[in-house]
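Observations on the three-dimensional arrangement
Chain residues, written in single-letter form:
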Amino acid sequence: MTRKTALTDPTARWRDAPIAPIGGERSSDRCAAPAAESPAAESPAAESPAAVPPATAAPPLESLQETDTVGPAIDPNAPGDEGPRGIVARLATVRNSSWLASAALHLLFLIVLALLTYRLGGTERGLLIEGVWSGPDSATPLESITLAEATADHQSEQQDLPVEVDLSIVSKHIADASIIAPQQASAIEDNALVGLQTGGATTAAERVVFLGGGGLSARTPEGRKKYGDQYGATRQSEMAVENALRWLAEHQRDDGSWSFDLRLSPCDGRCRNGKKANDDTPTPSTAATGLALLAFLGAGYTPDVGPYQEVVQRGLYYLRSTAAESEFGYDWQQGGSMYGQGIALMAISEALGMTKHEDRFDSDLYHYAERGTRFTVIAQHDSGSWGYTPGSPGDTTLTGWQILSLIGARKAGIETRSDTFTRAKEFLMSVREGPEFQFGYRTPKAEKTTTAIALTLLIYLGQTPGHTLFDEAIDKLAEQGPTLTNVYHDYYATLALHHFRHRDWESWNNQLRDHLVRTQATEGHEAGSWHFRDQWGDVGGRVYTTAMCALTLEVYYRFLPLYDAPPDFPL
Ligand SMILES: [Zn+2]
């Protein structure tokens, strides 16, 4: 395709990542770049050389370790050394210490050595991270809607690649990132339905507000029926969701993961349109697995509800087992990119939220969600964005996954740093082109997909109807209609119009819904899947496209609208 990403040059990736990552080159690509990466992030593990940084230890940073590595909330103002402020304080201490020069030299030496090793074709070594499975083993089947039995019995000879994560690189980036710790608490106001009347029309530092809707409580058979009827699902679209989930279940690997590379078992190449063999875009299995899990969770299927309990359990197990422990929390980049982090955390957080029963919750899932949240929060760049590597300047699409994952974590009871969302919004407003609400990838050069993403995120961050320019942007989104091939754009635009309860929803939905129903594969091994030829579908392949289409068709009940629904979920 015409897609051109900087990731095709792995050396460039690591050379540039810490300061002006890959994305910097992409800024000129605007549209192609973001998308190319998004699916990218969602593909097979550690295959691309760029996805596997060289392994080195990070001795200089050991001194920065926090005393409390498992802080429940991340509060820069909290006493003690838990939060980023603590990290910053330690960094400051380090800077002032007499042995800093020595430590810095060691670090520099190790990085240079690592890069040299890498450029010379160094081995893909890294730390093997193993988690402990302690998930729920009880099963309380709920009446399923229509489902056939999940078929998760995959015979595979394929061995998964070991999960390799270079903690030294991670630590370095995080250390860089943590220097930006805020000087003041932010203006997040919980449960305050304060209209964001400025709509970003003035400064970028408006308050972030969390609306009461958007909960997950409709993800039940009853909810699917009720809200499906109310917002426009059809029997055919519900069948399409189930067919998609069956296809995904059939493509779960032995270790519980999904891969964007369909040449691997259990597909063994029987489906077309997997990740291309010569595509070296980082596509971690954590992203593919998180995306597939989100599709099951979106239909109300959890580790202990519905016909895919084992599938979901095994997928969550994979994410737990691949969570790389770092001094700043759990890292799901899997040597790939922050796409893996955002999507995996989003799946873990939704699973946590959905398996909560009053005061009872899966403490192990909570632990992973909390530690993953911590990593993501600290990995935010001082521009408010998230980049391909922790602490690097980012873009709209990567930032989108991180914001949504953190909002999911927050809904599940995990606290974030007080200014995380405010800063994220500042970044979004920094890539707005002109007064209209049109947004770019890394710069204010607007394009369609990043606009859809940014508008959706702003709604999640409290943008309410009534601001003329914002409303006009939403109107424009609806008027343009779905692309019908760019599922990344259509997924976000659908979310925005759903949450906004836009007057043109029915027209939008009918067109996209019926298109997806019509285009779903119905024959052979591919039955239940989708694939559209665009630069992103080509990277993420059929697993990415199928999961995104399923999520799009679940929109009616996956999230209650952020506006006209009463608060149904504690924030
Ligand atoms: Zn297949």
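About the thresholds
Residues numbered from 1 in each chain as written. Predicted model: local features only at pLDDT ≥ 70, side-chain atom pairs only at ≥ 80, totals over all residues. Helix = DSSP H or I, 4+ residues; strand = E, 2+ residues; numbered from the N terminus. Buried ≥ 20, exposed ≤ 12 C-beta atoms within 10 Å, placed from the backbone. Contact = placed C-beta atoms within 7 Å. Core = buried A, V, L, I, M, F, W, Y, C linked by C-beta atoms within 7 Å. Axes fitted to C-alpha atoms, helices over the stretch in contact; angles between N-to-C directions. Parallel < 35°, antiparallel > 145°, perpendicular 65-115°, else oblique. Left-handed = near helix turned anticlockwise from the far one by under 90°. Nonpolar A, V, L, I, M, F, W, Y, C, P; charged D, E, K, R; others polar. Expected span 1.5 Å × (residues − 1). pLDDT = per-residue confidence, 0-100.

As annotated in an unreviewed UniProt entry, the protein carries the name Squalene cyclase C-terminal domain-containing protein and is attributed to Stieleria magnilauensis.

**Brief notes about the overall build of the protein**
Looking only at helices and strands, the protein has 21 helices and four strands in total. Burial analysis of the protein (571 residues in total) assigns 60% to the buried set. Nonlocal contacts in the protein, meaning residues at least 24 apart in sequence, comprise 78% of its contacts between residues at least 6 apart.

**Overview of the nonpolar core**
Of all hydrophobic cores here, the largest spans 121 residues; its most connected members are F296, A496 and A547. No other element matches helix α12 (residues 338–355), which puts eleven residues into this core. In contact with A496, other than residues within four places in its own chain, are A452, L455, T456, I459, I474 and L477.

**Some points on unusual backbone geometry**
Residues other than glycine predominantly adopt negative phi, and peptide bonds predominantly adopt the trans conformation. Here the bond from S265 into P266 is cis, since omega is 5°, no more than 30 degrees from zero. Even without glycine at this site, D268 takes up a positive phi of about 55°. Here D268 lies in the loop between α9 (235–250) and α10 (285–298). Taking the number of C-beta atoms within 10 Å as the measure of exposure, D268 has 13 and is therefore partly exposed. Located in the positive-phi region is N273, a residue other than glycine, with phi close to 65°. Relative to the helices and strands, N273 resides in the loop between α9 and α10.

**Considerations on the packing of helix α18 (residues 487–500) against helix α19 (residues 505–519)**
Relative to each other, α18 and α19 sit at 150°, their axes nearing to 10 Å. With respect to each other, α18 and α19 are oriented roughly antiparallel. Regarding α18 and α19, the two cross each other, and that crossing is left-handed. Residue-level contacts link D490, T494, L497 and H498 of α18 to W505, W508 and L512 of α19. Within the contact of α18 with α19, the residues separate by chemical class into four nonpolar, two polar and one charged.

**Topic: α12**
For α12, spanning 18 residues, the distance from its first C-alpha to its last is 26 Å, which sits close to the expected 26 Å at 1.5 Å a residue. Taken across its 18 residues, α12 has 18 buried, putting it largely inside the fold.

**Notes on the packing of helix α14 (residues 396–411) against helix α16 (residues 448–460)**
One way to put it is that α14 packs onto α16 with a least axis distance of 10 Å and a crossing angle of 25°. As judged from the angle between their axes, α14 and α16 are roughly parallel. The chirality of how α14 crosses α16 is left-handed. Taking contact as the criterion, the partners of T396, T397, G400, I403, L404 and I407 in α14 are, on α16, T450, I453, A454, L457 and Y460. Classifying every residue of the contact of α14 with α16 by side-chain character gives seven nonpolar, four polar and no charged.

**As for the environment of L294**
Counting through the fold element by element, L294 comes out in helix α10. Judged by local crowding, L294 falls into the buried class, with 25 C-beta atoms found within 10 Å. Sequence separation between L294 and A344 is 50 residues, and the spatial gap between their C-alpha atoms is 9.1 Å. Ignoring any residue separated from it by four or fewer positions in sequence, one finds L294 in contact with M346, A347, E350, A547 and L551.

**Examining the environment of M354**
Residue position: M354 is located in helix α12. Along the sequence, M354 and P303 sit 51 residues apart, while their C-alpha atoms lie 9.4 Å from each other. Setting aside its immediate chain neighbours within four residues, M354 contacts L216, R219, L297 and T302.

**Points about the confidence of the model for the protein**
On average, residues of the protein carry a pLDDT of 72, and 61% of them reach 70 or more. The low-confidence segment residues 1–99, where pLDDT is below 50, has 267 contacts with residues more than four positions distant or belonging to other chains.

**Structural notes on α14**
Taking 1.5 Å of rise per residue, 16 residues should cover 22 Å, and α14 covers 22 Å from first to last C-alpha, within 8% of that figure. Judged by how many residues are buried, α14 sits mostly within the fold: 16 of 16 residues are covered. Residue G413 follows α14 closely and has a positive phi angle near 100°.

**Section: the environment of H525**
Topologically, H525 is positioned in the loop between α19 and α20 (535–553). A C-alpha to C-alpha distance of 8.2 Å links H525 and W247, two positions 278 residues apart in sequence. Every residue in contact with H525, bar those within four places of it in the chain, is listed here: R270 and C271.

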